[in-house]
Amino acid sequence: MLDTVYRDFGTGYVPRWHGDIIDPAAAYLTPVRHTLLVARDGVDGDVVATAALDSRGPAHPPNPKHVAARFPSGESAQLRRVYVRPAHRRRGLARRLVAELLAFAAADGGYRSVYLHTDPTVEGAESFWRSLGKVVHDEREDPGGGQPVVHFEVPLPSLTP
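These numbers were taken from a predicted model, which means no experiment stands behind them.

Colleague: Just to check I follow, could you spell out the packing of aromatic side chains for this structure?
Modeller: How two aromatic rings sit relative to each other is given by the distance of their centres and the angle of their planes. Inspection of every chain in the model, using the stated rule, returns two aromatic pairs. Aromatic pair Phe 71 and Tyr 115: ring centres 5.0 Å apart, planes at 40 degrees, arrangement tilted. Note that Phe 71 is positioned in the loop between helix H4 (65-70) and strand S3 (76-84) and Tyr 115 in strand S4 (residues 113-118), a separation of 44 residues in sequence. Exposure remark for Phe 71: the relative accessible area of 0% places this residue in the buried category. Take Tyr 115: its relative accessible area is 0%, and that puts it in the buried class. Measuring from ring centre to ring centre gives 4.8 Å for Phe 128 and Trp 129, while their planes differ by 75 degrees; the resulting arrangement is edge-to-face. Of the two residues examined, Phe 128 and Trp 129, each falls in the buried class.

Quick look at the structure:
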């Protein structure tokens, strides 16, 4: 995950944004309504993809007020840290991990929506999320240009057959 924030985002580690990366156990493994999934290379065992889910809705600020209101903490599952190393992309890893996260959220029974935001400057990110969900706000369309952030809602799967 740290590799991604340096390589793909170009921000490096920013504590107020990436604290969960430094302590993933506290962020995703200890809280029962949160989870972190990893995919490992079958040859060398290296982690090649990650995906996480938590019950914290998007905060305002920095996110738009109407987005934060639409996805309140506790009722909204937020997809986070869906990262795939470049050499392992286009193999369905992210789609499979997200499907597992959505099943986890549905099984929880307390989530009414699934939210995520993405940086559309990361190659393939926007098109991937558009294939799974709907845009609820594109900050690039805000007056003055906005930030390169696109907010999505992904359908919560039904558990009924």
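From this point, the narrative continues.
Colleague: I tried to follow the sheet that holds S3 on my own but got confused; where do I start?
Modeller: Strand-to-strand pairing in sheets goes through backbone hydrogen bonds, with the strands running parallel or antiparallel. Taken in spatial order, the six strands make up an open sheet running S1-S2-S3-S4-S6-S5, and their pairing is mixed. Here the strands that pair on one side only, and so sit at the sheet edges, are strand S1 (35-40) and strand S5 (134-138). Going from strand to strand, the sheet's axes swing by 25 degrees on average, the running direction of each strand aside. The pairing of strand S2 (residues 47-54) with S3 spans five bridges and is classified as antiparallel. Along S3, the bridge assignment pairs Ala 52 with Arg 80. Lying over the sheet, helix H5 (residues 93-108) contacts S1, S2, S3, S4 and strand S6 (150-154), oriented at roughly 25 degrees with respect to S2.

Conventions adopted
- Residues numbered from 1 in each chain as written.
- Predicted model: local features only at pLDDT ≥ 70, side-chain atom pairs only at ≥ 80, totals over all residues.
- Heavy atoms only, no water.
- Phe/Tyr/Trp six-rings, centres within 6.5 Å; stacked < 30°, edge-to-face > 60°.
- Helix = DSSP H or I, 4+ residues; strand = E, 2+ residues; numbered from the N terminus.
- Buried < 20%, exposed > 50% of the residue type's maximum accessible area, 1.4 Å probe, protein only.
- Pairing = 2+ DSSP bridges.
- Axes fitted to C-alpha atoms, helices over the stretch in contact; angles between N-to-C directions.
- Contact = heavy atoms within 4.5 Å.

In short, the description is geometric, and any link to function would need to be established separately.
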